[in-house]
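Analysis of the macromolecular model
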Amino acid sequence: MNALAPLSLSVAALPGGSVQRPPPGHIPRLTLQQRLFAQDCRLRLLIAPAGFGKTVLLADCARECPQGCQLLWLNCGADEIYAEQFVEQLGKLLGYSAGLTTSELLAALAHEPRRLWIMLNDYPAHSNNALDNVLNQLLSVTPAGVCWWLGSRGRPSCNLSRLLLEGELLELGPSDLCFSEEDVATWLLQIDPARSHWAHDLYGLTQGWPAALRLRLLAAQVEPAAATAPLDIEHDPLLSEYVEREVLHGLPVELLQMLQNLAQLPRFNPALCDHLFGVGEGALWLRGLIERGVFVQELEAAKGWFVLFPPLARLLRSLTSHIPCNALHVHASQWFASHGDIRAAVEHALLAGQPEVAGSFLERFTEEQVLQGQDLALILRWRSELPESLLCSTPRLILLNAWVLLLVGRLDEAQACIDQLARFQPRSDGARTRELFAHWQAIQGIIAYGRVCAVGARSNLLEALQGLPESAWAQSLLCRSALTLVAIGEGNLELAQKLSFEALKQARLHGNAVFEALLELDHALLLEARGEFARAESLLQRVLTATDPAALRNTPVLARLQLRLARVQLRQGRHDEAAQGFPRGLENALSCGDPGAFHGYLGLAELAMGQGDFAGAFAHLGRAERLMQRQHVSETLYRGTLLLASSHLWIAQGHYERARMAVGRVLAYSQRVEAILPTPNFPELIPRLQLLLLQMDLAQGEDVREPLRHLREQALSQGRQALASELWLAYADASTACGDKAAAEHARETGQVLRRRLAYHCLWFSVAKPLRDAAPVQPATANALSQREIAVLRLIAQGCSNQEVAEQLFISLHTVKTHARRINGKLGVARRTQAVAKAKALGFF
């Protein structure tokens, strides 16, 4: 700190050249200071728009100037310094002779023996080639003991890339300088503890913009209306005055008007600016704003596209609310439509107040986009802004809206929407009539599946597949997916395997990664139903790794993969991984409006129950229910699963009658529906409800062994091994209650062995209990079969040839033969039939 002594002497001759003192309530940015001090380099750049704390951070660093190093501080005055003035003032600051030319200054600096920190505050942001050229030359001749620090709103036109390659440049930008939510909380706690609870809201309003944070808090301290929450930026006169002075003042008229218009646009690029503001001029003016550091940020996810810093954009929209901007949005809508960006075209048409134009653009959405679940939340918002008469004005719009409503679980609304097709019948074009009827059947079939009615689902879906044209391949894939799920729900897992294989083959023919991932979810559900959790996890991991993240963006598929992966990890007892996966998948599901978010809350509730946190579990279930109700999701899609989970919690708390009423309610509904299906994505709902009811009957002293045996045999015949393991354990408890010790020991050992073989460590919605270590981990054979070998042998037992096994398991024929050879060796047999018989005897399937 002694190095500050020469500072007053070296800066005294420069008006306003002193280091800025800390503002009231200042919190040193220690982490940023450490980053700046950690790297020994020639130039440290702080580049950000107005109000990001560049000067304050430079001053904090200046006060930490090491001993033996002289600090020189020069306020450049932002836009008011020229190359000649800069050379003169820098020479004076360095203590050189007056009147040095640029060449003389460079020569003197090249031989500078002192250790120096030269800090240039408010270096000009707008283009000044002469000044930047001088700075570039100074940097190139700087000796090892001299370090430059530069704060500016724009990057100087120097050879910065070379400095970066040489390790001589450290640059901090707006994302580094803005406050994090944690920083905001710490700052509030220090200067205004009574408002420390504002941290989240204040960060959301300002996005960590330091100037806005300070001014918003100052305004709040004098505004009675802001006693409970921070006011919006749009209503902040202090911030408005700051922006007028620091951002807008001094801008040329054309740049000021362009900035005000850009505040109305969600995103923009040079080509769009040319279209809106004049060919050649628009792109040039945009570059001018960027060079001046006027809050124009490049989007990381879309190179070449820019956005105005949202807090400033909101403020500018408020300041210019009296200026009509309909024409701006009309022209933007036309430009986006001509470039194939229908989403943006619809958005701007709505902002322009032209719903008919928006409806015409909406018709251009491809079926593939909608059926992949792209922008579901956005399309639902558009539905709320468009008149109902427009949404049902053409068969295409009716089908589009019906599919959207179907994908978000609003079955009754989808039914009412698809019924509007009747207004366009009969048609003179017979082929088109048959095609529309096939589309109607496809939607009807999926609605029936969502309403858990197997008969209506299967018949409509099969007939739809016969009538849908080749161009409707996406609808056909969804029909095949629904048929696969119907088969899983009915317990016909062999049929489900064939249907899943056929659907995946069709998806791959069309080369669509999103549909392929969606259908792999069906395959994973099939494996999960069989209890093959390790294979299901491997499949989901492979899909997540192999699929391009950009393909899954704006679709619910990514969230569903993450949630399903967390679920199979939980089944295998890996609670920590599941505890990370469920929130991640839930966040993604909520962001795209997918009702699958329900399963995120369900997973979190199960984790809480496993830890004995019943209150936390009920809280998560409550959030799940409220979400479904807010999104108007049909009850058949979630109510049964919700009641089953709640019943497990009630029983754990001793509320047996409440649980019995809930379980009875679902089972009574199942008796009223012909060939009822379980809730989608939870194919074991009905047998689990029946099991829970029998366990309650057992607790009341009833002999439930026979119905448990029936349930167990049904699960085994369907290949539901995980469920069968639980039924074996329940049968053991029932046998113990009836005094049949031998049967109880046999059932318990069989159930435990099966659980171990499946790595089924975490029973569904139960307080965590470790598996007993006494039981053997594998069936009674020295060389136990792997999960993949069991899958191969099961298909062999069904009479499949090697080629058919290869096709169903998606492996090569050579791999099948290798598995078969290993199976025979492990079981000590020579033929396929012998292998099947011995595997059954050993309890492998």
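I will try to describe carefully the structure that is included in this document. (Residues numbered from 1 in each chain as written. Predicted model: local features only at pLDDT ≥ 70, side-chain atom pairs only at ≥ 80, totals over all residues. Heavy atoms only, no water.)

Secondary structure summary: the chain contains 45 helices and 7 strands in total. By its C-alpha atoms, the chain is 105 × 75 × 60 Å across when sized along the principal axes. The buried share of the chain, taken over its 845 residues, is 53%. Between the mean site of the 79 positive side-chain charges and the mean site of the 84 negative ones, the chain shows a separation of 8 Å. (Helix = DSSP H or I, 4+ residues; strand = E, 2+ residues; numbered from the N terminus. Buried < 20%, exposed > 50% of the residue type's maximum accessible area, 1.4 Å probe, protein only. Lys, Arg positive; Asp, Glu negative; His and termini not counted. Charge placed at Lys NZ, Arg CZ, Asp CG, Glu CD.)

The next subject is the sheet that holds strand S5 (residues 169-172). Pairing is parallel across the open sheet formed by 5 strands, whose spatial order is S2-S3-S4-S1-S5. The open sheet terminates on both sides in strands that have one partner only, identified here as strand S2 (70-75) and S5. Pairs of neighbouring strands in the sheet enclose a mean axial angle of 15 degrees, with direction left out of account. Here strand S1 (residues 43-47) runs beside strand S4 (residues 146-152); their pairing, made up of 5 bridges, is parallel. In the sheet register, Leu-43 faces S4, and the bridge partner there is Trp-148. (Pairing = 2+ DSSP bridges. Axes fitted to C-alpha atoms, helices over the stretch in contact; angles between N-to-C directions.)

The final tally for this structure, using the stated rule, is 4 cavities of 30 Å³ or more. Taken together, 37 residues make up the lining of the largest cavity; nearest its centre are Leu-407, Leu-485, Arg-560, Pro-680 and Asn-681. By residue number, the principal contributor to the lining of the largest cavity is helix H32 (residues 557-571), which donates 5 residues. Looking at the second largest cavity, it is lined by 13 residues, and the ones nearest its centre are Glu-528, Arg-571, Phe-682, Glu-684 and Arg-688. Among the elements of the structure, helix H29 (513-530) and H32 are those that each provide at least two residues to the lining of the second largest cavity. The element best represented in the lining of the second largest cavity is H29, accounting for 3 residues. Its residues placed into classes, the lining of the second largest cavity shows 8 nonpolar, no polar and 5 charged. (1 Å grid on protein atoms, 1.4 Å probe; cavity = no way out; pocket = protein on both sides within 12 Å on 5 of 7 lines; lining within 4 Å. Points joined across faces, edges and corners; volume = space filled by probe spheres on them. Nonpolar A, V, L, I, M, F, W, Y, C, P; charged D, E, K, R; others polar.)

Looking now at the packing of helix H38 (residues 685-699) against helix H40 (residues 721-737). Two measures define how a pair of helices packs: the angle their axes make with one another and the distance between the axes. Put simply, H38 and H40 touch, their axes get as near as 11 Å, and they point 15 degrees apart. In terms of orientation, H38 lies roughly parallel with respect to H40. Taken as a pair, H38 and H40 cross one another with a handedness that is left-handed. Here Pro-687, Arg-688, Leu-691, Gln-695 and Leu-698 of H38 come into contact with H40, specifically with Leu-723, Glu-726, Leu-727, Ala-730, Asp-733, Ala-734 and Ala-737. Residue composition of the contact of H38 with H40, by class: 8 nonpolar, 1 polar and 3 charged. (Parallel < 35°, antiparallel > 145°, perpendicular 65-115°, else oblique. Left-handed = near helix turned anticlockwise from the far one by under 90°. Contact = heavy atoms within 4.5 Å.)

A few words on the side chain of Ser-152. Here Ser-152 shows up in strand S4. At 2.8 Å, the side chain of Ser-152 forms a polar contact with the backbone oxygen of Tyr-123. Engagement of the side chain of Ser-152 in a polar contact is seen with the backbone oxygen of Gly-154, the distance being 3.0 Å. Setting aside its immediate chain neighbours within four residues, Ser-152 contacts Leu-46, Ile-47, Ala-48, Lys-54, Tyr-123, Pro-124 and Ala-125. (Polar contact = N/O pair within 3.5 Å; in protein donor to acceptor, adjacent residues only side chain to side chain.)

Attention now goes to the pairing of S1. When you tally the buried positions in S1, you get 5 out of 5 residues, the bulk of the element. Side chains of S1 alternate between two faces, with Leu-43, Leu-45 and Ile-47 and Arg-44 and Leu-46 buried alike. Pairing analysis gives 4 bridges linking S1 to S5, with the strands arranged parallel. The residue of S5 that forms the bridge with Leu-46 is Leu-172.

In this structure the tally under the stated criterion is 18 aromatic pairs. Judged by centre distance (6.2 Å) and plane angle (70 degrees), the rings of Phe-37 and Trp-149 are edge-to-face. Taken as a pair, Phe-37 in helix H2 (residues 30-38) and Trp-149 in strand S4 lie far apart in primary sequence, 112 residues in all. Using a relative accessible area of 32% as the deciding quantity, one classes Phe-37 as partly exposed. Summarising the aromatic geometry, the rings of Phe-437 and Trp-440 are spaced 5.6 Å apart at their centres and angled 15 degrees between planes, so their arrangement reads as stacked. Highlighted residues: Phe-437 and Trp-440, both in helix H25 (residues 430-450), separated by 3 residues, approximately one helical turn. Residue class for Phe-437 comes out partly exposed when judged on its relative accessible area of 44%. Looking at Trp-440, the relative accessible area reads 26%, which means it is partly exposed. Linked through ring pairs, Phe-52, Trp-209, Phe-295 and Phe-309 together constitute an aromatic cluster. The ring of Trp-305 has Arg-267 lying over it, and the distance from NZ or CZ to the ring centre is 4.4 Å. In this arrangement the basic side chain of Arg-712 is found over the ring face of Trp-728, its NZ or CZ atom lying 3.9 Å from the centre. (Phe/Tyr/Trp six-rings, centres within 6.5 Å; stacked < 30°, edge-to-face > 60°. Lys NZ or Arg CZ within 6 Å of the ring centre and 35° of its normal.)

The tally for this structure, following the rule as stated, stands at 39 salt bridges. Across the pair Arg-114 and Glu-112 runs a salt bridge, and its minimum N-O distance is 2.6 Å. The residue Glu-490 makes a salt bridge to Arg-458 at a minimum N-O spacing of 2.4 Å. With Glu-490 in helix H27 (residues 473-490) and Arg-458 in helix H26 (residues 454-467), this pair connects stretches of sequence that are 32 residues apart. Exposure remark for Glu-490: the relative accessible area of 33% places this residue in the partly exposed category. By relative accessible area, which is 29% here, Arg-458 ends up partly exposed. (Salt bridge = Lys/Arg side-chain N within 4 Å of Asp/Glu carboxyl O.)

Within S4, 7 of the 7 residues are buried, which leaves the element mostly enclosed by the surrounding structure. Side chains Val-146, Trp-148, Leu-150 and Ser-152 project from S4 onto one buried face, and the interleaved Cys-147, Trp-149 and Gly-151 project onto a second face that is buried too. Here strand S3 (residues 116-123) pairs with S4 via 6 bridges, running parallel. Of the residues in S4, the one forming a bridge with Ile-118 is Trp-148.

In this structure, Pro-237 sits in helix H12 (residues 237-248). On a C-alpha basis, the gap between Pro-237 and Ala-608 in space is 47 Å, while along the polypeptide they are 371 residues apart.

Attention now goes to the environment of Gln-264. Along the chain, Gln-264 turns up in the loop between helix H13 (253-262) and helix H14 (270-277). Sequence spacing of Gln-264 and Leu-316 is 52 residues, and the spatial spacing of their C-alpha atoms is 8.6 Å. In contact with Gln-264, not counting residues within four places along its chain, are Arg-317, Thr-320, Cys-325, Leu-328 and His-329.

Moving on: the packing of H29 against helix H30 (residues 533-546). Axis separation between H29 and H30 bottoms out at 8 Å; the angle between their running directions is 170 degrees. Compared by their axis directions, H29 and H30 come out roughly antiparallel. As for the relative orientation of H29 and H30, their crossing is left-handed in sense. Of the residues in H30, those touching H29 at Ala-517, Glu-520, Leu-521, His-523, Ala-524, Leu-527 and Glu-528 are Phe-533, Arg-535, Ala-536, Leu-539, Leu-540, Arg-542 and Val-543. Within the contact of H29 with H30, the residues separate by chemical class into 9 nonpolar, 1 polar and 4 charged.

So, to be careful, I would describe these as geometric facts and stop short of saying anything about function.
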